[in-house]
Structure formats: structure tokens, C-alpha cells
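Analysis of the macromolecular model
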Amino acid sequence: MKPAEYYQRDRLWQPPQLAPNYKTSVPRSPRQALLSIEQSMSEVTGPVFGHGDIDPIDNDLIKNYAKTGDPIGERIIVHGRVLDENGRPVPNTLVEIWQANAGGRYRHKKDTYLAPIDPNFGGCGRTMTDANGFYFFRTVKPGAYPWRNWVNNWRPAHIHVSVFGSSFSQRLITQMYFEGDPLIAKCPIVTSIPDPKAIEQLIAPLDMNAAIPLDSLAYKFDIILRGRRSTMFENRLEGN
Amino acid sequence: MPQKLDYRKETPSQTAGPYVHIGLAPGAAGFDIYGNELGRDIAGPHAPGERIRVEGLVYDGTGAPVKDVLIEVWQADANGIYPHPEDPRYGKVARGFRGWGRVITEFDTGLWGFETIKPGSVMGRNGRLQAPHLNLWIVARGINLGLNTRLYFADEEQANAADPVLNLIEQQHRRATLVASREMRDGKPVYRFDIRLQGENETVFLDV
Ligand SMILES: [Fe+2]
């Protein structure tokens, strides 16, 4: 079987590079048109990861940096599936997340927000999807935090999510938001996405079925990567 | 009414933000958490081929270096084989060759760099060879959707002249934005590749 191409990215669904209300995008967005290329082996292949690359505790942000006890905050499970646009699961793919602590502070040299660092919270995790594309993390719900854009901008609570998929052309970084957060609609980073339906795709609903009684609430976040042509007909990358 | 197509939509991208290091390179954020930070060794110790260093700066539209960028690299081995099961020659990929790397800038200067081996030519479409190249993916605060580009090598003049992607760039002078210059430093080859996000000599970015 010859490798098949991935569907083209819907550039009207994705945020444009230049989103003037998100000020940093102004000097950092290309002005020239992207060069659209037909995919070759360089685009339909991508890095492969294995369980040897990570440790089992890496997906547990409540324990993976705990020093003197558990981190402060609302305990949550974040779970879902990585699927492609055809609805097929993406198995054995690396999912990495990072986030602020419950007070909205990042464990990062460059974060100077006055909310305190939590000595028991690192703020990052990673895992591999299983054979059916399922993944889960345990963490605490991140706090909202202020950022310099307009004078009084606040990021809605969010978790940054990085996913690989099966090819380098599926590589994606996004952010997961939480159902019901009034800051979502006010955020210039969120609203860089033009289609309100697309924004909804980033909002994880509360999932009481996955909550653990007397322990943790849960949010469900499915991630969709670019789909791929069927190989039933001629879609060959190579040939005559 | 026709039947409905039932495709799902790709999850929209959001910027990696200023704290991308926490998730993808926590050591650089200032803490030690993982037993193994991924993406630090692209080629491994045994892969044959020319050992090279690649470095550069990413500039914004005002000409200032971007100091919080993260770049990922995906490349073939010296024989042009990708370490991925769909490469038809996958079984012959160099031992221990990962092909993927992740690099961040020095916070003070914005300089980034990594060691690898120079890749071989890679099969393109319709049996047409592509010049040796590295596939790069760039994310940072202010970048809403990761930017794809390619790095080609200045000493591959002939192969570059025939490369199907370089030839697709309509304005010929812009092709040079994808070609890294080569110099020798302490007897070792170093390729310089500056990326300009915007403005004069803006790098050609790819919609893959
Ligand atoms: Fe953030």
C-alpha cells in the first residue's frame, strides 16, 4: 500500500496568522501567502514514539511533581480521544499538556504574575493514546491569569495541548477551555478563531460520568487531527 | 436535500504561548520533572552521514529576534530514509536514527541550534527526487498556527536547482530564504539558517 495524502487544512476554520486584537501576532505573522505544496514522503511521515519514551506517572500532574503533598486546587480528570477527520482513532500518539496552577501561575522563569508558585505542582504532563485513541490526565483545574495585551486582559482557564498524530503534517498545538467560563468569549487569543463553531470545539464539557465520586470532577476533550484519503483509488505519491 | 457528509473538523490551533517550554522542554522553563526530555538527540550516535550543526535566529517583522520560539525538526537519514513505517525503505533506516528533534532558543539572544546528520535526497512525487532538506515546524507566542518550512543546504546547488518545492516558488529570489549557508567552524560544518517571519526577505512558509 502506498501512503496516501492528508486532507488539506481548512484555513477558514483555523485562526489566521494575523489577528490584530492579539497584538503579538502583528509582528510575528507572515505577510506573504503560504506556498501550498502537494504532500511527499516528508509530509506523510512523522516521528514515532513508544512507551519507552515516557514514564507511567507522566500523565498524573497531581503526583508527578509532588514534594510535600498534593497540589492545591480542584482535582480533575481530563480525558478524551484523538481522532482524525474521518472519525478514526489515532492510536499510540504522544499527547503533551502544560498549564498554570490553580492560582493561574506558571512554573516558568519568565512568569512574574503575583499568584504564588505551588511547590507541589509542576504543570506539565504527557501520555500516549491507547489502541483506540483514548488518553487521560489527572490534574488540578488551572486558574485564569492576566496577560499583557490590552491593559486588562485575562486568559480563560486553559490547558495547552500538543499532539503529533501519525505524520508531521498533522502536528498540532491548541488550548482546551472549560465549559461555562465567561472569559472565553472575551479572550483575543480565542477569538482569533473566526468561526464560533470552531471555538466551541475547544471547550471541554463537564463529564459527570467520568467524574470520580468523592475525588475528582472530569472534563472530556476530543482532539481531531487532519484526516487522510482512502487508498481505494489512485492517490499515489509515487508512480510513473 | 443530499445526504450529509459526516467528516469532523480539525481541532482549531491556538498559540503555543510564552510558556511552551513547561510542556515541551521543562528544563528550559527552569525545572526538572521528566526522566527523559524528548527531542534532544535527532540522529543518535551510530547513524552514518556527515555530522553537522544547524543554527540561526528567528526574526519578527520589526527585525528583532524572537526569543521564545520552539522549533521542531523532521528529517530523513543520510540515505534519504524516514524512520517511519510508511517509508518504503523503513527497514533500512540507520540504527538509532530518530529523525525528530525539538529545539528552543537561548532566552537572552534568541539563538537556536542543534546537531544532526545531513539528510540524503528524499523521494518526491511522481518519482522525482527532492533535494536534501530538513522539515521545520515553528511555534511561539503570537503564532496562531504552527508554521511549516524547509531548510535546504547551500552546498547542494544542483539538487536544489531541480527540487520540486523550491521550483514552485514563483519569485525566484525568495527561494534563497530556504537555503542555509555553510561554514566550517573548528573543522566542523555549521549551517546558518535565519528565519524571517515577516518583512524584507520573509521566509517562504509552506501550506503542507
Ligand atoms: Fe497559557
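Residues numbered from 1 in each chain as written. Chains lettered and ligands numbered in written order. Predicted model: local features only at pLDDT ≥ 70, side-chain atom pairs only at ≥ 80, totals over all residues. Heavy atoms only, no water.

**Quick word on the overall build of chain B**
A tally of helices and strands in chain B yields 3 helices and 13 strands. On the principal axes, the C-alpha backbone points of chain B span a range of 65 × 40 × 40 Å. The 208 residues of chain B split such that 58% are buried. Taking all contacts inside chain B whose residues are at least 6 apart in sequence as the whole, residues at least 24 apart take part in 65%. Carbon and sulfur atoms make up 47% of the accessible area of chain B, which amounts to about 8,800 Å² in all. Averaging the positions of the 24 positive and the 27 negative side-chain charges in chain B gives two centres separated by 4 Å. (Helix = DSSP H or I, 4+ residues; strand = E, 2+ residues; numbered from the N terminus. Buried < 20%, exposed > 50% of the residue type's maximum accessible area, 1.4 Å probe, protein only. Contact = heavy atoms within 4.5 Å. Areas by Shrake-Rupley, 256 points an atom, 1.4 Å probe, with all protein chains shown as cover. Lys, Arg positive; Asp, Glu negative; His and termini not counted. Charge placed at Lys NZ, Arg CZ, Asp CG, Glu CD.)

**Thoughts on the coordination of the iron ion**
Residue and element names in this part refer to chain A. Note on the iron ion: its protein donors are Tyr106 (OH), Tyr145 (OH), His158 (NE2) and His160 (NE2). The metal-donor distances range over 1.9 to 2.2 Å. In this structure, the iron ion is coordinated by 4 donor atoms arranged in irregular fashion, with angles at the metal of 90 to 162°. Here the donor residues of the iron ion are spaced in sequence according to Y-x38-Y-x12-H-x1-H. Residue tyrosine 145 is found in strand S6 (residues 145-147), and its partner histidine 160 is found in strand S8 (residues 158-163); the two are separated by 15 residues along the sequence. (Donors = N, O, S within 2.8 Å, 3.2 Å for Na, K, Ca; no water. Tetrahedral: all angles 85-135°; square planar, octahedral: opposite > 155°, others 65-115°.)

**Some thoughts on the confidence of the model for chain B**
Chain-level pLDDT for chain B is 97 on average; 100% of the residues reach the 70-or-more range. Predicted complex metrics record ipTM = 0.97 and pTM = 0.97. (pLDDT = per-residue confidence, 0-100.)

**Description of the pairing of strand S3 (residues 70-74) of chain B**
Successive residues of a regular strand alternate their side chains across the two faces of the sheet. Residue and element names in this part refer to chain B. Where burial is concerned, most of S3 is hidden: 5 out of the 5 residues are buried. Residue alternation in S3 divides its side chains into two sets, Leu70, Glu72 and Trp74 and Ile71 and Val73, and both sets are buried. Where S3 meets strand S4 (residues 100-104), 5 bridges bridge the pair, whose relative direction is antiparallel. Within S4, the residue paired with leucine 70 across the bridge is isoleucine 104. Across 5 bridges, the pairing between S3 and strand S8 (residues 133-139) is antiparallel. Each residue of the ladder has a partner; that of isoleucine 71, found in S8, is isoleucine 138. (Pairing = 2+ DSSP bridges.)

**Looking at the interface of chain B and chain A**
At the junction of the two partners, chain B supplies 81 residues and chain A supplies 93 residues. Together, the buried faces of chain B and chain A total about 7,800 Å²; carbon and sulfur atoms form 55% of this surface. Looking only at chain B, the three residues that lose the most surface to chain A are B:Glu10, B:Gln14 and B:Arg125, adding up to 11% of its buried area. At the boundary of chain B and chain A, one finds 11 salt bridges. Close ionic contact of A:Asp53 with B:Arg98 constitutes a salt bridge, the shortest N to O distance being 2.7 Å. (Buried area = accessible area lost by both parts, 1.4 Å probe. Salt bridge = Lys/Arg side-chain N within 4 Å of Asp/Glu carboxyl O.)

**Some words on the environment of B:Gly199**
Position of B:Gly199 among the secondary structure elements: in the loop between strand S12 (195-196) and strand S13 (206-207). A sequence separation of 137 residues divides B:Gly199 from B:Thr62, and the C-alpha atoms of the two residues are 7.8 Å apart.

**Focus: empty space enclosed by the protein**
Within this structure, the stated rule accounts for 5 cavities of 30 Å³ or more. Reported here for the largest cavity is a volume of approximately 70 Å³. Forming the boundary of the largest cavity are A:Ser42, A:Glu43, A:Phe168, A:Ser169, B:Asn135, B:Leu136, B:Asn148, B:Thr149, B:Arg150, B:Leu206 and B:Val208. Of all the secondary structure elements, the ones that give two or more residues to the lining of the largest cavity are helix H2 (41-44) of chain A together with S8 and strand S9 (147-153) of chain B. Element by element, the count of residues in the lining of the largest cavity is highest for S9(B), at 3 residues. Grouping the constituent residues of the lining of the largest cavity by class yields 4 nonpolar, 5 polar and 2 charged. (1 Å grid on protein atoms, 1.4 Å probe; cavity = no way out; pocket = protein on both sides within 12 Å on 5 of 7 lines; lining within 4 Å. Points joined across faces, edges and corners; volume = space filled by probe spheres on them. Nonpolar A, V, L, I, M, F, W, Y, C, P; charged D, E, K, R; others polar.)

**Things to note about the environment of B:Val73**
Note that B:Val73 resides in strand S3. Note on B:Val73: relative accessible area 0%, which makes it buried. Separated by 18 residues in sequence, B:Val73 and B:Glu55 have C-alpha atoms that sit 12 Å apart. Non-local contacts of B:Val73, meaning those with residues more than four positions away in its chain, are made with A:Phe168, B:Ile42, B:Gly99, B:Trp100, B:Gly101, B:Phe114, B:Leu134, B:Asn135 and B:Leu136.

**A closer look at the nonpolar core**
Nonpolar side chains tend toward joint burial in soluble globular proteins. Residues and elements named next belong to chain A. If you look at the biggest cluster of nonpolar residues, it comprises 37 residues, and the most contacted ones within it are Val82, Val161, Met176, Phe221 and Ile223. At the level of secondary structure, the elements contributing two or more residues to this core comprise strand S2 (75-84), strand S3 (94-99), strand S5 (134-140), S8, strand S9 (172-178), helix H3 (196-200) and strand S12 (223-225). Looking at this core element by element, the count peaks at 4 residues for S9. Residues within four places of methionine 176 in sequence aside, it is in contact with Val78, Ala157, His158, Ile159, Val161, Leu202, Ala204, Tyr219 and Phe221. (Core = buried A, V, L, I, M, F, W, Y, C linked by side-chain atoms within 4.5 Å.)

**A word on the side chain of A:Asp58**
Structurally, A:Asp58 is set in the loop between H2 and S2. Contact partners of A:Asp58, with chain neighbours within four places excluded, come to A:Asn64, A:Cys124, A:Gly125, A:Arg126 and B:Tyr34.

**Considering the packing of aromatic side chains**
Scanning all chains against the criterion turns up 14 aromatic pairs over all chains. Aromatic side chains A:Tyr22 and A:Trp147 sit 5.8 Å apart centroid to centroid with 70° between the ring planes, which places their arrangement in the edge-to-face category. Here A:Tyr22, found in the segment before helix H1 (25-28), pairs with A:Trp147, found in strand S6; they are 125 residues apart in sequence, far enough to count as distant. Its relative accessible area of 2% is what places A:Tyr22 among the buried residues. A relative accessible area of 15% places A:Trp147 in the buried class. Between the aromatic rings of B:Phe153 and B:Tyr191, the centroid separation amounts to 4.8 Å while the plane-to-plane angle is 80°, which identifies the pairing as edge-to-face. Taken together, the residues span a long stretch of sequence, with B:Phe153 in strand S9 and B:Tyr191 in strand S11 (residues 188-192) at a distance of 38 residues. Taken as a pair, B:Phe153 and B:Tyr191 share a single burial class, namely buried. Members of the aromatic cluster, each reached through a chain of ring pairs, are A:Phe49, A:Phe164 and B:Trp100. Its end group placed over the ring of A:Phe178, A:Lys141 keeps NZ or CZ at 5.1 Å from the ring centre. Over the ring of A:Phe164 we find A:Arg171, and its NZ or CZ is 3.8 Å from the ring centre. (Phe/Tyr/Trp six-rings, centres within 6.5 Å; stacked < 30°, edge-to-face > 60°. Lys NZ or Arg CZ within 6 Å of the ring centre and 35° of its normal.)

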